[in-house]
Every structure is written in structure tokens, then in C-alpha cells.
Amino acid sequence: MQTASTNIGERMGRSQELSDTKHGPVIGGHLGNKSIRDISWLLNIPRSTVSGIITKWRQLGTTATQPPSGRPRQMTERGQRMLKRTVRRSRQLSAESIAKDLQTWCGLQMSPTTVRRELHGMGFHGRAAASKPSINKCNAKRRMPWCKARRHWTL
């Protein structure tokens, strides 16, 4: 026996895109003047999915998956792995030299800006180390009283 919570658990959550074979009965039910709720109940599909299929069919005249909008990414997964390997090998390389290396090795023609953007996405950022004064014996003697006085301030 299924309870309501079990049935809801089965229907909710992220899943893959609905197959084209399920799109036909949804559109057929819509053309047969069935409500979205009825179609959803009959086919055991969420109402939002049924509504989305019907809206797509009204606007485009088809329920086929459309190509994604926007320009495709220039860098492939292989290029990203190569970029990461290059940067880990030598962290001192500039974006320009990395772009030239990628063109030589992979045949990827890309600008240094694209290389920087990809590196930032991977978590690599250009940072300069903080400059710290060298502590020689003279500096150490002068700093010791200051440090001892400072210790009492924080307590």
C-alpha cells in the first residue's frame, strides 16, 4: 500500500528530461480538452512539466528539444586539464605565454583574457606576497619591548 508521502516522494525531485514518447500523450490530452491536472494525474507527471510541455507546443509548434542559446564554450575539458597542468608546473607564467603554449600544444586559439577567466574559474588567482621586514638582531631587540607591552593590551 502506498501512502501519499511515498507517492509524492516518487514524483518530486530532479530527474532527466521527459522522453519524447511521453510528450505525445500530453499534447493528445490537451487537444482532447483535458485539464492540466487530469493529464498530470493520468500520466503520473508533475503538473509543472505538463504545463511546460503544452506551453512549448503552443509557442513553437513542436516539443522537440531546442539547441541551447548562447555561444559554445571555446575551451574543451581537455584544454582545461592541459591549462591546469601548465599552471601547476610553473606558476610564474603570464597569461600571454600560456595562451601561446595552448595554441602550440592543443591548437586552441584563445586570448589571454580567456585564459585568465578560465584560471579564475578553476581557482587560480594572481597574488603578490606581502612584503615583510627582515628581522635582524637590531630589529628583534627593538621589537621585544613593544611585543611585551602589546601582550598586556589584549588581556
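See the structure above.
Attention in this report is confined to the structure presented alongside it. (Residues numbered from 1 in each chain as written. Predicted model: local features only at pLDDT ≥ 70, side-chain atom pairs only at ≥ 80, totals over all residues. Heavy atoms only, no water.)

## Quick word on the packing of helix α3 (residues 36-43) against helix α4 (residues 47-60)
Point 1. Where α3 meets α4, the axes come as close as 9 Å, and the angle between the chain directions of the two elements is 115 degrees. Of the two elements, α3 crosses α4, and the hand of that crossing is right-handed. Listed contacts from α4 to Ile36, Arg37, Ile39 and Ser40 of α3 are Arg47, Val50, Ser51 and Ile54.
Point 2. Looking at the contact of α3 with α4, its residues break down into four nonpolar, two polar and two charged. (Axes fitted to C-alpha atoms, helices over the stretch in contact; angles between N-to-C directions. Helix = DSSP H or I, 4+ residues; strand = E, 2+ residues; numbered from the N terminus. Left-handed = near helix turned anticlockwise from the far one by under 90°. Contact = heavy atoms within 4.5 Å. Nonpolar A, V, L, I, M, F, W, Y, C, P; charged D, E, K, R; others polar.)

## So, the packing of helix α5 (residues 77-89) against helix α7 (residues 112-122)
Point 1. Packing of α5 against α7 brings their axes to within 11 Å, and their N-to-C directions diverge by 85 degrees. As far as their axial angle goes, α7 and α5 are roughly perpendicular. Where α5 approaches α7, its residues Gln80, Leu83, Lys84 and Val87 are matched on the opposing element by Val115, Glu118, Leu119 and Met122.
Point 2. Classifying every residue of the contact of α5 with α7 gives five nonpolar, one polar and two charged. (Parallel < 35°, antiparallel > 145°, perpendicular 65-115°, else oblique.)

## A word on the nonpolar core
Point 1. Counting 13 residues, the largest nonpolar core has Leu83, Val87, Ile98, Leu102, Met110, Val115 and Leu119 as its most contacted members.
Point 2. For this core, the secondary structure elements donating two or more residues are α5, α6 (95-106) and α7.
Point 3. The element best represented in this core is α6, accounting for four residues.
Point 4. If near-sequence neighbours (up to four positions away) are discounted, leucine 102 is found in contact with Met75, Gly79, Met82, Leu83, Gly107, Leu108, Met110 and Val115.
Point 5. Counting seven residues, the second-largest nonpolar core is a separate cluster that includes Val26, Ile39, Ile53 and Ile54. (Core = buried A, V, L, I, M, F, W, Y, C linked by side-chain atoms within 4.5 Å. Buried < 20%, exposed > 50% of the residue type's maximum accessible area, 1.4 Å probe, protein only.)

## Here's the deal with the side chain of serine 40
Point 1. Its place among the elements puts serine 40 in helix α3.
Point 2. Relative accessible area serves as the criterion here: at 3%, serine 40 is assigned to the buried category.
Point 3. Engagement of the side chain of serine 40 in a polar contact is seen with the backbone nitrogen of arginine 47, the distance being 3.5 Å. (Polar contact = N/O pair within 3.5 Å; in protein donor to acceptor, adjacent residues only side chain to side chain.)

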